[in-house]
Amino acid sequence: MSATLKDIAASTGLSVTQVSRALNDHDDVSAETKIRVREAANALNYRPNLSARKLASGRSGIVGLVLPPQDRTPRDSMFVQMVRGLSGAFSRRGRLFVLHAAEEGEDVVAVHRRLIDGGSLDGFVLIEPEENDPRVAYLRRRGVPMVMHGRGTAKPDYPFYDIDNIAVGRELTAMLLRAGHRRIGFVNGIAATCYAAHRRTGWEMALREAGLEIDPDLHEHGQMTESVGALATLRMMNGEAAPTALIAGNMLIAKGIYNALSMLGLKVPGDVSVVVHDDMLPGEDLMSLPASSGTRSALALSWEPLAQGLIGAIEGKPLAELQQLGGFEIVEAGSIAPPNS
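Residues numbered from 1 in each chain as written. Predicted model: local features only at pLDDT ≥ 70, side-chain atom pairs only at ≥ 80, totals over all residues. Heavy atoms only, no water.

### Some words on the sheet that holds strand β2 (residues 96-101)
The criterion, for reference: Paired strands, in this sense, are two strands between which DSSP finds at least two bridges. A run of DSSP states H or I qualifies as a helix once it reaches four residues; a run of E qualifies as a strand once it reaches two. Both are numbered from the N-terminal end. Geometry is summarised by axes, namely lines fitted to C-alpha atoms with helices restricted to the contacting stretch, and by angles between N-to-C directions that run from 0 to 180 degrees. Only heavy atoms matter for contacts: two residues are in contact if any of them lie within 4.5 Å across the pair.
Reading across the sheet, the six strands line up as β2-β1-β3-β4-β5-β11 and stay open at both edges, with parallel pairing between neighbours. One side of each edge strand has no neighbouring strand; the edge strands of this open sheet are β2 and β11 (323-326). Taken pair by pair, the neighbouring strands of this sheet meet at an average axis angle of 20 degrees, ignoring direction. Along the sheet, helix α12 (residues 303-314) makes contact with β1 (62-67), β3 (123-127), β4 (146-149), β5 (160-163) and β11, crossing β4 at roughly 155 degrees.

Here's what the structure looks like:
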């Protein structure tokens, strides 16, 4: 049999009420007490009684994520890490996290509607926001709590966790501008996603601030994959005015850029400088990549704020407490040099 709240209370010397509030991440419980209670819950194999919780509170204790219907094969590792990280973050707070992958051609709003009408979910984590995102409008209309990984607008009126992707694009470009580069290519993410649009805005801002014209031939959107990085690099480098430096939207794109440059007989940074935004995802296929300058922000840092944000939204906490903007590091790793010409 699994442990009960009374067992955890006996183990920690706290009251059942204190244990319950610690597991539910209430603000009036200290961080030390929350850690002690969660460690005891794990040691005792505690599993919340979701049926009893729903009867007592009207909530199931279950939250969900609907994966949009896209080809995710090249990014499976990222989504495995996302599901694992979010599951752990919600589990530590006594919640159950479930995943539903929408089928190709399936309306993602209709999927949310079915799950809501089923009456089993308290709220949703949303990923990959788009401008005027229909999921946000629908969930707000239904009064269902949500938290967004990213932002669909400059000033969202819903809970979110994000990094400043305009600043990321701007800083990556500025690193190359400071080294003297003036033709800077950017292999970015999918055009419809807001993070990719924000990074493009940052790239354009930095170029304009340097008094440079925006050349659309030096920017390319696509899946965050090695093949996209390689093909975009080959196209740009074979153009009439090849870039002297390249920006990679993530490490997989960077791997494709390095491979394509090697095929062309070009060296980094002697011939072409490269910078990359690193989400710090694990993967043996990335271990062989040379150290690259750029920006770095671990995707794993988002799991805890997302769980806190959604649980806070479910409990009716003020919006200002549920909107978090994370930072990023600047990495100097020797992949930038002044242009040859």
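### Looking at the pairing of β4
Selection rule: Each residue is assigned to one of three classes by its accessible area relative to the maximum for its type, calculated with a 1.4 Å probe on protein chains only: buried under 20%, partly exposed between the two thresholds, exposed over 50%. Here a crossover is taken to be right-handed if, once the strands point away from the viewer, the path from the first strand over the helix to the second is traced clockwise.
The alternating pattern of β4 places Met146 and Met148 and Val147 and His149 on opposite faces, both of which are buried. Here β3 pairs with β4 via four bridges, running parallel. Note on β4: the bridge partner recorded for Val125 is Val147. As a crossover connection, the stretch from β3 through helix α7 (residues 134-142) into β4 is right-handed. As paired elements, β4 and β5 share two bridges and run parallel to each other.

### What about the nonpolar core?
As a reminder, the rule being used: As used here, the term nonpolar core means buried Ala, Val, Leu, Ile, Met, Phe, Trp, Tyr and Cys residues forming a set that is joined through side-chain atoms within 4.5 Å.
Counting 21 residues, the largest nonpolar core has Leu65, Leu86, Phe90 and Val125 as the members making the most contacts within it. With sequence-adjacent residues up to four places away left out, Val125 is seen in contact with Gly64, Leu65, Val66, Leu86, Phe90, Phe97, Val147 and Leu310.

### Examining α12
In an α-helix there are 3.6 residues to a turn, and that puts residues three or four apart on one side. To keep it simple, the criterion reads: Every helix has an expected span of 1.5 Å times one less than the residues it contains.
Between its first and last C-alpha atoms α12 spans 17 Å; for twelve residues at 1.5 Å apiece the expected length is 16 Å, and the two agree. Counting buried residues along α12, nine of its twelve residues qualify, which places the element largely inside the surrounding structure. Taken together, the buried positions of α12 are occupied by Trp303, Pro305, Leu306, Ala307, Gly309, Leu310, Ile311, Gly312 and Ile314. Phi turns positive one or two residues past the end of α12, at Gly316, with a value near 80 degrees.

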